[in-house]
Amino acid sequence: DTLNVGPFYGLSLGEFHSGGAIAVECSPFLVAEVDTKGRLGKVDGRFPHWVTPYEGTRYSLIYYVTSGEVTPQTTAIFAPPISSGSHGEVAPWIPPPTFAP
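Quantities reported herein were computed from a predicted structural model and do not represent experimental measurements.

Colleague: Give me the pairing of strand β4 (residues 30–34): which residues, what numbers.
Modeller: As paired elements, strand β3 (residues 22–27) and β4 share five bridges and run antiparallel to each other. Counted as the bridge partner of Glu25 is Val31 from β4. Adjacent in sequence and paired antiparallel, β3 and β4 are bridged by two residues.

Written out as structure tokens, the structure reads:
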């Protein structure tokens, strides 16, 4: 993912349960999970990320861009996380900054 020039969109499909979210490091002390099962999730893959453990069969469709204008890195996730931390607490949601045209 080091060649990505911006965030990616991910969708997961299949017969899986008990996990399978995209976990992403929002900061050195905060890991958020983005649920992509049957829905698109937007994550900046230039931040460390992985898929949480799951049971069953899981398929991923990922749309990413590796050429063109680079989108500045601002935030690891673009919607409130479903949970974060090792105890499942919800992370404080700080929306990404907006830029004037």
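Colleague: Requested: an account of the pattern of salt bridges, with residues and values cited.
Modeller: In a structure, side chains of opposite charge can pair up when their charged atoms sit close to one another. Tallied over the full model, the rule gives two salt bridges. Notably, a salt bridge pairs Asp35 with Arg39, separated by 3.2 Å at the nearest N-O pair. Classification of Asp35 as partly exposed rests on a relative accessible area of 26%. Note that Asp44 and Arg46 form a salt bridge whose closest N and O atoms lie 2.7 Å from each other.

Each value, and the rule that gives it
Residues numbered from 1 in each chain as written. Predicted model: local features only at pLDDT ≥ 70, side-chain atom pairs only at ≥ 80, totals over all residues. Heavy atoms only, no water. Pairing = 2+ DSSP bridges. Helix = DSSP H or I, 4+ residues; strand = E, 2+ residues; numbered from the N terminus. Salt bridge = Lys/Arg side-chain N within 4 Å of Asp/Glu carboxyl O. Buried < 20%, exposed > 50% of the residue type's maximum accessible area, 1.4 Å probe, protein only.

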